[in-house]
Amino acid sequence: MNNIHQFQQPDNLIVSSGYADQNTPLVRNCWYVAGRSEEVSRELMHRRILGVDVAMYRTLAGAPVAVRNRCPHRSFPLAKGKLDGDVLVCGYHGMQFDSSGRCVNMPSMPLVPSNANVRSFPIVERAPLLWIWMGDPDLADEELVPDTHWLSSDEFKSVTGNFYMKSDYVAMHENLLDQTHFPFLHPGTVGTPAYARSKLDVREEGMEVVIDRALRNSPPPGIYGVPAGIMHKSVDRLSEARFVSPAMHVAFARIVDHQPDAGAPTQYRFNITHIITPETNNTIHYWWFNSRDFKHDDVEVDAFMIKASEQAYLEDVDALEWISEVVQKDADPQFDLNFAPDKPGLLMRRNLHRLAAAEAEKAYSQNTVSGEI
Amino acid sequence: MNNIHQFQQPDNLIVSSGYADQNTPLVRNCWYVAGRSEEVSRELMHRRILGVDVAMYRTLAGAPVAVRNRCPHRSFPLAKGKLDGDVLVCGYHGMQFDSSGRCVNMPSMPLVPSNANVRSFPIVERAPLLWIWMGDPDLADEELVPDTHWLSSDEFKSVTGNFYMKSDYVAMHENLLDQTHFPFLHPGTVGTPAYARSKLDVREEGMEVVIDRALRNSPPPGIYGVPAGIMHKSVDRLSEARFVSPAMHVAFARIVDHQPDAGAPTQYRFNITHIITPETNNTIHYWWFNSRDFKHDDVEVDAFMIKASEQAYLEDVDALEWISEVVQKDADPQFDLNFAPDKPGLLMRRNLHRLAAAEAEKAYSQNTVSGEI
Amino acid sequence: MNNIHQFQQPDNLIVSSGYADQNTPLVRNCWYVAGRSEEVSRELMHRRILGVDVAMYRTLAGAPVAVRNRCPHRSFPLAKGKLDGDVLVCGYHGMQFDSSGRCVNMPSMPLVPSNANVRSFPIVERAPLLWIWMGDPDLADEELVPDTHWLSSDEFKSVTGNFYMKSDYVAMHENLLDQTHFPFLHPGTVGTPAYARSKLDVREEGMEVVIDRALRNSPPPGIYGVPAGIMHKSVDRLSEARFVSPAMHVAFARIVDHQPDAGAPTQYRFNITHIITPETNNTIHYWWFNSRDFKHDDVEVDAFMIKASEQAYLEDVDALEWISEVVQKDADPQFDLNFAPDKPGLLMRRNLHRLAAAEAEKAYSQNTVSGEI
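In this text, all values refer to a predicted model and were calculated from it rather than measured experimentally.

What counts as what
Residues numbered from 1 in each chain as written. Chains lettered and ligands numbered in written order. Predicted model: local features only at pLDDT ≥ 70, side-chain atom pairs only at ≥ 80, totals over all residues. Heavy atoms only, no water. Helix = DSSP H or I, 4+ residues; strand = E, 2+ residues; numbered from the N terminus. Buried < 20%, exposed > 50% of the residue type's maximum accessible area, 1.4 Å probe, protein only. Contact = heavy atoms within 4.5 Å. Areas by Shrake-Rupley, 256 points an atom, 1.4 Å probe, with all protein chains shown as cover. Lys, Arg positive; Asp, Glu negative; His and termini not counted. Charge placed at Lys NZ, Arg CZ, Asp CG, Glu CD. Pairing = 2+ DSSP bridges. Axes fitted to C-alpha atoms, helices over the stretch in contact; angles between N-to-C directions. Expected span 1.5 Å × (residues − 1). Polar contact = N/O pair within 3.5 Å; in protein donor to acceptor, adjacent residues only side chain to side chain. Buried area = accessible area lost by both parts, 1.4 Å probe. Salt bridge = Lys/Arg side-chain N within 4 Å of Asp/Glu carboxyl O. Nonpolar A, V, L, I, M, F, W, Y, C, P; charged D, E, K, R; others polar. Least-squares fit on C-alpha atoms with pLDDT ≥ 70 in both. Phe/Tyr/Trp six-rings, centres within 6.5 Å; stacked < 30°, edge-to-face > 60°. Disulfide = S-S within 2.5 Å. pLDDT = per-residue confidence, 0-100.

Engineer: Give me the lowdown on the overall build of chain A, citing residues and values where you can.
Structural biologist: Secondary structure assignment for chain A yields seven helices and 17 strands. For chain A, the C-alpha atoms occupy an extent of roughly 80 × 65 × 35 Å along the three principal directions. Classification of the 373 residues of chain A by burial places 56% in the buried group. Looking at chain A alone, contacts between residues at least 24 apart form 58% of all its contacts between residues at least 6 apart. With an accessible surface of roughly 15,500 Å², chain A has 50% of that area assigned to carbon and sulfur atoms. Here chain A carries 35 positive and 49 negative side-chain charges, and the mean point of each set is 1 Å from the other.

Engineer: Can you break down the pairing of strand β3 (residues 52-58) of chain C residue by residue, with the values?
Structural biologist: Taken residue by residue, a regular strand's side chains alternate between the two faces of the sheet. Residue and element names in this part refer to chain C. Of all seven residues making up β3, seven are buried, and the element is well covered by its neighbours. Burial along β3 is two-sided: V52, V54, M56 and R58 and D53, A55 and Y57, pointing in opposite directions, are all buried. Alignment of β3 against strand β4 (residues 64-68), held across five bridges, turns out to be antiparallel. Paired with Y57 across the two strands is V65, which belongs to β4. Here β3 folds back onto β4, and the loop between the two strands holds five residues, one of which, G62, carries a positive phi near 100°.

Engineer: Give a description of the sheet that holds strand β2 (residues 45-49) of chain C that names residues and reports values.
Structural biologist: Residues and elements named next belong to chain C. Here we have three strands laid out as an open sheet, ordered β2-β3-β4, and antiparallel in their pairing. Only two strands of the sheet have a single partner each, and these edge strands are β2 and β4. For this sheet the average axis-to-axis angle between neighbouring strands, irrespective of direction, equals 30°.

Engineer: Outline helix α6 (residues 299-329) of chain A, supporting the account with residue identities and numerical values.
Structural biologist: Taking 1.5 Å per residue as the helical rise, α6 of chain A with its 31 residues ought to reach 45 Å, and the 44 Å between its terminal C-alpha atoms agrees with that figure. Sitting at the head of α6 of chain A, D298 of chain A places a side-chain oxygen 2.9 Å from the backbone nitrogen of E300 of chain A.

Engineer: Which residues make up the interface of chain A and chain C, and what values go with them?
Structural biologist: Contact residues are listed per partner, giving 45 residues for chain A and 38 residues for chain C. Overall, the association of chain A and chain C removes approximately 3,600 Å² of surface from exposure, summing both partners, and the carbon and sulfur fraction of that is 60%. A per-residue breakdown of the area chain A buries against chain C is headed by R70, R74 and Y92 of chain A, which together make up 20% of the total. Across the salt bridge formed by D330 of chain C and R68 of chain A, the nearest N and O atoms sit 2.9 Å from each other. Between chain A and chain C we count 16 residue pairs in polar contact (both at pLDDT 80 or more) in total. Those elements giving two or more residues to the side of chain A that touches chain C turn out to be α1 (13-16) and α7 (343-366) of chain A. Its residues placed into classes, the side of chain A that touches chain C shows 22 nonpolar, 15 polar and eight charged.

Engineer: Account for the relation of the copies chain C and chain B, naming residues and giving values.
Structural biologist: Take chain C, turn it by 120°, move it 0.1 Å along the axis, and it overlays chain B with an RMSD of 0.1 Å. Seen this way, the second copy is the image of the first under a three-fold rotation axis.

Engineer: Quick rundown of the sheet that holds strand β10 (residues 129-133) of chain A? Include the residues and the values.
Structural biologist: Strand pairing within a sheet occurs via backbone hydrogen bonds; the two strands may be parallel or antiparallel. Residue and element names in this part refer to chain A. Sheet architecture is open: three strands sit in the order β1-β10-β9, paired in antiparallel fashion. Since the sheet does not close on itself, it has two edges, and those belong to β1 (31-36) and β9 (123-126), each with one partner. Across this sheet, the average inter-strand angle for adjacent strands is 35°, counted without regard to direction. Note that β1 and β10 share five bridges and pair antiparallel. Paired with G35 across the two strands is L130, which belongs to β10.

Engineer: Tell me about the packing of aromatic side chains, and please be specific about residues and values.
Structural biologist: Within this structure, the stated rule accounts for 30 aromatic pairs over all chains. Plain terms: the ring middles of F76 of chain B and Y92 of chain B are 5.9 Å apart, the flat faces sit at 45° to each other, and that makes the pair tilted. With a gap of 16 residues between them, F76 of chain B in the loop between β4 (64-68) and β5 (82-84) and Y92 of chain B in the loop between β6 (87-89) and β7 (96-97) connect regions that are remote in the sequence. For Y92 of chain B, a relative accessible area of 4% corresponds to the buried category. Here the aromatic residues F163, Y286, W288 and Y313 of chain A are joined through ring pairs into a cluster of three or more.

Engineer: Break down the interface of chain C and chain B for me, citing the residues and quoting the values.
Structural biologist: Taken together, the 45 residues of chain C in the interface contact 38 residues of chain B. Between chain C and chain B lies a buried interface of about 3,600 Å² when both sides are counted; carbon and sulfur atoms form 60% of it. Of all residues in chain C, the largest losses of buried area upon contact with chain B belong to R70, R74 and Y92 of chain C, amounting jointly to 20% of the total for that side. The interface formed by chain C and chain B holds four salt bridges in total. The partner of R70 of chain C in a salt bridge is D330 of chain B, with the nearest N and O atoms 3.0 Å apart. Counting every contact that joins chain C to chain B gives 16 residue pairs in polar contact (both at pLDDT 80 or more). Put simply, the parts of the chain that give the side of chain C that touches chain B at least two residues each are α1 (13-16) and α7 (343-366) of chain C. Per-element tally for the side of chain C that touches chain B: the top contributor is α7 of chain C, with seven residues. Here the side of chain C that touches chain B is composed, by residue class, of 22 nonpolar, 15 polar and eight charged.

Engineer: Mind laying out the side chain of R74 of chain B, listing which residues take part and the relevant values?
Structural biologist: Within the element layout of this structure, R74 of chain B appears in the loop between β4 and β5. Given a relative accessible area of 8%, R74 of chain B falls into the buried group. Here N338 of chain A takes part through its side chain, which lies 2.7 Å from a polar atom of the side chain of R74 of chain B.

Engineer: Report on the side chain of H181 of chain C, specifying residues and quantitative values.
Structural biologist: On the secondary structure map, H181 of chain C appears in the loop between α2 (169-176) and α3 (182-185). Its relative accessible area of 0% is what places H181 of chain C among the buried residues. Among the polar contacts made by the side chain of H181 of chain C, one reaches the main-chain carbonyl oxygen of D178 of chain C at a distance of 2.6 Å. Beyond its immediate chain neighbours, meaning those up to four positions away, H181 of chain C contacts Y92 and H93 of chain A together with N175, H186 and D316 of chain C.

Engineer: Before we move on, can you summarise the state of the cysteines with the specific residues and values?
Structural biologist: Under the counting rule described, the total for this entry stands at zero disulfides over all chains. Sulfur of C71 of chain A: no disulfide; nearest cysteine sulfur belongs to C90 of chain A and is 4.0 Å away.

Engineer: With reference to specific residues and values, describe the confidence of the model for chain A.
Structural biologist: All names here are of chain A. Model confidence for chain A is summarised by a mean pLDDT of 90, while 91% of its residues fall at 70 or above. Throughout residues 1-16 the model reports pLDDT below 50, and contacts reaching past four residues in sequence, or to other chains, amount to 44 contacts. Counted against residues more than four places away or in other chains, residues 368-373, with its pLDDT under 50, gives five contacts. Note on the complex model: pTM 0.91, ipTM 0.90.

Engineer: Give me the lowdown on the pairing of strand β13 (residues 208-218) of chain C, citing residues and values where you can.
Structural biologist: Residues and elements named next belong to chain C. Here six bridges tie strand β12 (residues 200-205) to β13, and the two strands are oriented antiparallel to one another. Bridge pairing links R203 to V210 in β13. Remark: two residues form the turn of the hairpin made by β12 and β13, two consecutive strands paired antiparallel; G206 in that turn has positive phi of roughly 65°. Summarising the sheet, β13 and strand β14 (residues 235-245) pair through eight bridges and their orientation is antiparallel. Residue V210 lies in a different strand from β14, and its bridge partner there is R242.

If you want it as C-alpha cells, here you go:
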C-alpha cells in the first residue's frame with residue numbers, strides 16, 4: 001500500500017535488551033531429554049527436537065541410537081523404514097546406515113557411496129532418561145549431562161507423567177522459577193497463601209539460577225502433607241528451585257516435622273524433576289517426575305502423587321498455552337511489565353539469551369556464504 | 001532462486017488509488033458493537049475486536065466494563081481469571097484491576113505498583129447494544145454512537161440474529177450498498193426483478209453514503225408482503241440504505257398501500273439494522289435486527305421475519321465467504337471491474353480508505369522509533 | 001532481533017544450479033489434464049490447476065468449456081452460478097458469459113460492458129481426458145497434446161483410478177523415472193529384486209526423458225504375471241518409462257513368453273499412464289490408467305489390476321507425502337545426495353528447470369511495471 005503506513009511497534013526491545021522470549025533462537029549446545037528409556041526400543045520411533053525430526057531405536061546390544069529422520073538421498077523419513085540387525089534401512093531405496101549414521105550399503109550402487117551418511121546425534125542413557133545433543137557434536141561432553149541420580153536411586157520412589165505443550169520453553173522455565181503464582185493458579189495443591197509471601201533467596205551458580213525459600217511452622221500443602229500424613233501439623237517447608245539448564249528445572253523440597261509421631265520421620269523429601277524439551281519455539285515435550293524418600297511401596301501414595309501432580313501441572317500447562325495463544329494472536333504487541341518477584345525468571349531469561357546469542361554469533365562467523373543471506 | 005524470476009502483478013493499484021479493500025487497515029476511531037447487552041454480565045466473557053481480544057463484564061451496579069484480555073504482567077488472558085466485586089483478578093498471579101483498568105493490588109508486592117494498568121476501552125450501552133471504542137480514547141465522543149433508537153422504542157418490534165463471517169468488512173458494506181444483486185442472490189426473498197431495475201438516488205452526507213430508491217405500483221417482496229398480508233397487491237416500495245459508519249449499515253423501508261383493506265394501515269415500515277464488527281481484516285462479528293411498526297405481538301410474524309431474514313442474510317454470508325476464499329486462495333491477483341451501479345460501494349470504499357489513511361498517517365507521525373521500522 | 005543472527009543455510013543451491021525442485025515455479029505453457037471426460041458435464045464443476053481455480057462445464061452441443069472460477073466484477077466463484085443454455089450466469093449480479101468468456105449481458109447495465117470478460121482457457125478433449133492450457137493462449141497448439149490413443153483404442157482395455165496428493169510434481173516425476181525403489185517400496189507388486197539390478201538405458205528425446213530396460217528370463221512381477229496367468233514361468237520383461245511432459249509419464253511394458261501354452265499369446269502388453277496435474281506447488285491431482293492388450297472382457301482381471309495398481313501407487317503416494325512433510329517441516333534444509341541411478345530424474349529436473357526458467361524470463365521481460373515490484 002502506497003499511502004497507508006501501518007504503524008508497527010517494534011517487538012524487539014526486550015530481546016535486544018538481553019532477555020530471551022518466545023522468539024529467541026533455541027539453545028542447541030545442551031543435553032536435552034529425547035525420551036524416557038522405555039520409549040526407545042527395537043521399534044523405530046521418531047520425535048521432533050529443536051525443530052529437527054529425530055529417528056531413534058536401540059541396537060541389538062541395547063544401545064540407543066539417534067539419527068536425523070531424513071534420508072540424505074531423497075528425504076524419506078527413516079523411521080518409516082525398518083531395522084535389519086543394527087542397520088537402519090530406508091524404506092524408499094533401501095539405503096542402509098549403521099548406528100553411527102554411516103552408509104554401509106546402497107542397493108542400486110555397486111560400491112558403498114562415500115560420504116553418504118545420515119547425521120547422527122550423540123545420545124546417552126541415564127535411566128530412566130535418554131539425553132540427546134542437537135548442537136555441535138564436538139561440544140557434546142557427557143560430563144555436562146545434568147544430575148538426576150534420584151530417579152534411579154533406591155533412596156527415592158518416583159512417579160512420572162508427561163504433557164505435549166503448545167507453549168515456549170522460556171515461559172515454561174519462568175513459570176517454574178516463579179512461586180508467586182502458586183496461591184492463584186494452584187490454590188488446591190501447592191499454593192498455600194503463606195508460602196506465596198515467604199521470603200526468597202535468589203542466587204546464580206554459573207548459568208544456573210537458584211531460589212531458596214523457607215517457610216517455618218506452617219501447615220504443609222496437600223501435595224506433601226497428605227502422603228506424609230501430617231496435614232494436621234505445623235511444619236517447616238524448605239525448598240530449592242533450580243534452573244539447571246535449558247532442558248531441566250528441579251525442585252528439592254524438605255518438610256521438617258520437629259515433633260514427629262512415634263516411628264515417623266522428622267523429615268520428608270520430595271525431588272521434583274521438570275524435563276523440558278522444545279519441539280519448536282512454540283511447542284514443548286514436557287515430562288515431570290515426582291520423587292519421594294518415604295513410603296516407597298505404597299501404591300495409594302503413588303496414585304495420590306500422580307493425581308495431585310497432574311492436577312497442578314495441568315494448571316500450569318493450561319495457563320502457559322493460554323498465554324502463548326494470546327501472544328501469538330494479538331494484533332498489538334505488548335511489553336510485559338516486570339516486578340521484583342520476577343527476578344529469578346529474568347536472570348534465567350538473561351542467561352538463556354546469552355547462550356542463544358553466543359551460538360548465533362558463532363554460527364554467523366562460521367557462515368561462508370554470508371553475502372547470500 | 002537466482003535465475004528464475006517469479007512475475008508478480010502489483011496488488012495495490014486500487015488501494016493506492018484510494019479505495020479500501022480487504023487489506024486496508026481497519027478503522028479504529030469508531031464506535032463498534034462489542035456485543036448485545038445481554039451477552040455481557042457478571043460472567044467474564046471475551047471477544048476479539050479489530051484484532052485485539054477484549055475481556056468484558058458488568059460491575060455490581062450493572063455498568064459494562066471492557067479491558068484488554070491480556071494481563072500487563074505476563075499476558076495471561078484476564079477473562080480466565082475471576083471477579084471479586086468490581087475488581088477483575090488475574091488467574092496467574094492474582095493481580096487486581098478496577099473497572100478503569102487501574103491496578104489496585106499485586107499480591108506479591110508490598111505496594112501497589114504504579115502504572116501497572118491494563119488498557120480499558122470506552123464502552124457505552126445503548127440497549128440492546130454495547131458500543132466500544134478501540135481507537136484513541138481522547139476521541140471517544142459518546143455523541144458519535146450511531147442512532148439505533150428504534151431497537152428500544154415501543155414503536156417497533158425487532159427480531160434479531162447473528163453470524164460469524166469469514167469475510168472482510170469492506171466487501172460486507174459493499175454488499176449492503178449494492179441492491180443490483182437482489183434478484184440473483186436473493187430471488188426467493190428480497191429480490192424482485194422490477195426492484196433491481198428501479199432507479200437509484202445516491203448521495204453522501206459527510207462520510208455516510210445514502211441510497212434512495214422508489215419502486216411504484218409493484219408487488220412487494222415476500223419478506224415484506226407476507227407479514228403485512230398484502231402479497232396480492234401492487235404497492236409502492238420506498239427504501240433508504242445508509243452506510244452509517246464502518247460499524248453499521250441501516251436500511252429503512254416503507255411499503256405504501258394506497259388502497260388499504262378496511263382497518264389496515266396505509267404504510268408498513270421496516271428498519272433493518274446491520275451491525276458489523278471486524279474481528280480481524282478477514283472475519284466479522286455480524287448482528288442483524290429486523291424491526292417493524294406493526295403486528296408487534298404476533299409471534300408467527302416474528303418467526304417468519306426471523307426465518308426470511310436468516311435465509312436472505314445467509315445467502316449474503318455464503319456469497320461473501322466464497323468470494324473471500326477466492327481472493328485469498330487465488331494464485332493470480334485480480335483487479336475487479338467496476339460498473340456504474342457500483343457507485344455507492346465505491347463511495348463508501350473511498351471514504352473508508354480516507355479514514356484508514358488518516359489514522360495511519362497520524363500513527364506514523366507520532367511514531368518516535370520510525371528509524372527502526 | 002538486533003543482536004542474535006539466525007544462521008540460515010541458503011536453500012537455492014540446487015535450484016540455481018539448474019535442477020527443479022518443490023520451489024520451482026510451475027511450468028504453465030503445457031497441456032495438463034483438467035479432468036476425465038465424464039467429470040465435466042452440464043453440472044458446473046471447478047478444480048484448481050497451477051494455483052488458479054477453473055470452472056468447467058459443457059455446452060448444449062457437448063463442447064467442454066473452461067473459464068477462471070472468478071467473476072471479473074466482484075470475484076464471485078462462477079461455478080456457484082448457473083448455466084442458461086451455453087451461457088454461464090454469475091450467482092451474485094447475474095453477469096453472463098458465453099463459452100469464450102465474453103460478457104454478453106450485465107443485468108444492471110443498459111448496454112453490455114465492453115472488455116468485461118472472464119479469462120477462458122483452451123481446453124481440448126481426447127477421450128477419456130480433457131486437456132487444458134493454463135499458459136499463454138497464443139502458444140496453445142493442439143498438436144502438443146500428448147498421445148494417449150491407447151486409452152480409447154479397441155486394442156486395449158483400461159482400468160483407472162485417482163489420488164489427491166500432498167506432494168510436488170517434481171518429486172512425483174522423479175519417483176516415476178526411478179525404478180531402483182521398486183524392491184523396497186513395492187516388494188509385493190512391481191518390485192522383483194532382479195529387476196532393480198537390471199541395466200538401464202537412459203536417453204533424451206527433446207525435453208522427454210526415456211528409460212529402456214530389459215530383464216531376460218526371469219519370473220514376472222505379480223501385477224503382470226497374475227492376469228496373464230504366467231506366474232510359474234520365466235519370461236522376458238521389456239519396459240520403457242517416459243517423462244513425456246510436466247503433465248504426463250507413461251510406461252510401456254511387454255512381457256514376452258517364448259514358450260507360450262497352447263493358444264496363449266507370446267506377448268502381453270501393459271501401458272501405464274500417469275497423469276499429473278499440479279494443483280499448487282505442493283499438491284497434485286493424479287490419475288492413473290492401466291491398459292492391457294488381452295482379456296479385455298475379464299472383469300476379474302479388471303478387479304485384480306485395479307487392486308494391484310492402487311496398492312502400488314498408494315505406496316508411492318504415501319512415500320511422497322511423507323517426504324513432502326519432512327521437507328516442509330524440517331527446521332534445517334537438506335541438499336539431497338544424488339547417485340548414478342538418479343540420472344533419469346536429474347535429466348527431467350534439469351529440463352523442468354529450463355522450461356520454468358524460460359517462462360519466468362519471458363514474464364519478467366514483459367513486465368512493464370517492474371519498478372514497482
